[in-house]
Amino acid sequence: MKQLVKHLSDLACKISFLGLSAVGFGLLMPSASQAADITFKAVWSGTYFFNTASAVGYFTIDSAALPNPGNKPSNFSVPNISINNTTDPVFNAKSPITSLIKALTITVTGSGLGDGTYTLDDYPDGGVIWNTNGVSLDFSKELVGQPTQGLPWGTIVSTPPGTSYSTSYLKPANYGGDFNIFDPPDCVPTGVETFVLATCSAKSGTKLMRLESLRAVPTPVPVPGAVIGVIVAGGLLGISRKKKRVASSEITELQV
């Protein structure tokens, strides 16, 4: 009988602990709005342009706003970007970066000009391009190199920086889509050509980097400290109750 009582006590303790843990787990799970987010990891390299610059970026995007197949801006056009024209506020206003990207982090190294970590706050008036060149990209795989109506997605279609951003998109057969971000001429990573990022806008001395990889990764879900506290407290409460019941059982056995 004593063993049965002890077993039931342990079982009740575990149920209590699991119940609190389940509550905590529910709080840790992403909400419906969070579940709609998709995070891409991007890797750029300057090797194609014979320099040592590189960058790694993470972009959290609202998948409901991400056309696939399709493009942003919806009436597709490209910004007028060149060494002599470092920004296009008209394009940025038409295709604001926040219309697609909810958060970003880009870390640039090895450039000598523009090294550092940048976030969405560094693109207050930024613009964005997204174009699949007429196909639906498979987000479960590496995007760079996937087939489109023309060239493989990720193909540079002209030698940057050129006189202006490429208009090859007018002929899908000679185009490979695009993904890029833009901002006024502060020293931030900025697109200057299809799939090409300049480390410090389009300024003289900037280093150019080609997009080498873009793939979806798990979207991080922030966990408030209070939630962790509830889960830990629940576990400790369950353990404390178990110890007290074991001690009480041992005392009862001694009295008998």
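Residues numbered from 1 in each chain as written. Predicted model: local features only at pLDDT ≥ 70, side-chain atom pairs only at ≥ 80, totals over all residues. Heavy atoms only, no water.

## Remarks on the overall build of the chain
Inference 1: Secondary structure assignment for the chain yields four helices and ten strands.
Inference 2: Secondary structure elements of the chain, listed N to C terminal, follow the sequence α-α-β-β-β-α-β-β-β-β-β-β-β-α.
Inference 3: Per-residue burial over the chain gives 41% buried out of 256 residues.
Inference 4: Contacts in the chain between residues far apart in sequence, at least 24 positions, make up 64% of those at least 6 positions apart. (Helix = DSSP H or I, 4+ residues; strand = E, 2+ residues; numbered from the N terminus. Buried < 20%, exposed > 50% of the residue type's maximum accessible area, 1.4 Å probe, protein only. Contact = heavy atoms within 4.5 Å.)

## Some remarks on the confidence of the model for the chain
Inference 1: Confidence in the prediction for the chain averages 78 pLDDT; 67% of positions are at 70 or higher.
Inference 2: Contacts from residues 11-34, a stretch scored under 50 in pLDDT, to residues over four places away or in other chains number 23 contacts. (pLDDT = per-residue confidence, 0-100.)

## Looking at the nonpolar core
Inference 1: The biggest cluster of nonpolar side chains holds 32 residues, and the ones touching the most others in it are Phe-59 and Ile-101.
Inference 2: Contributing elements (two or more residues each) for this core: strand S1 (37-45), strand S2 (54-62), strand S4 (101-109), strand S6 (127-131), strand S7 (178-182) and strand S10 (208-217).
Inference 3: If we skip the residues at most four places from it in the chain, Phe-59 touches Ile-38, Thr-39, Phe-40, Ala-42, Trp-44, Ile-101, Ala-103, Leu-104, Ile-106, Phe-179 and Ile-181.
Inference 4: Phe-91, Ile-129, Tyr-175 and Leu-208 belong to the second largest nonpolar core, which has 15 residues in total. (Core = buried A, V, L, I, M, F, W, Y, C linked by side-chain atoms within 4.5 Å.)

## Some points on the sheet that holds S6
Inference 1: Pairing is antiparallel in the open sheet, where three strands are placed in the order S3-S6-S7. Of all strands in the sheet, those with a lone pairing partner are strand S3 (71-72) and S7, marking the two edges.
Inference 2: With two bridges connecting them, S3 and S6 associate as antiparallel partners. In the strand pairing of S6, Lys-72 is matched with Trp-130. (Pairing = 2+ DSSP bridges.)

## Some details on the packing of aromatic side chains
Inference 1: Tallied over the full model, the rule gives 13 aromatic pairs.
Inference 2: Between Tyr-169 and Tyr-175, the aromatic rings sit 6.3 Å apart at their centres with planes inclined by 70 degrees, giving edge-to-face as the arrangement.
Inference 3: Each residue in the set Phe-40, Trp-44, Phe-59, Trp-130, Phe-139, Trp-153, Phe-179 and Phe-195 is aromatic and connected to the rest through ring pairs, giving one cluster. (Phe/Tyr/Trp six-rings, centres within 6.5 Å; stacked < 30°, edge-to-face > 60°.)

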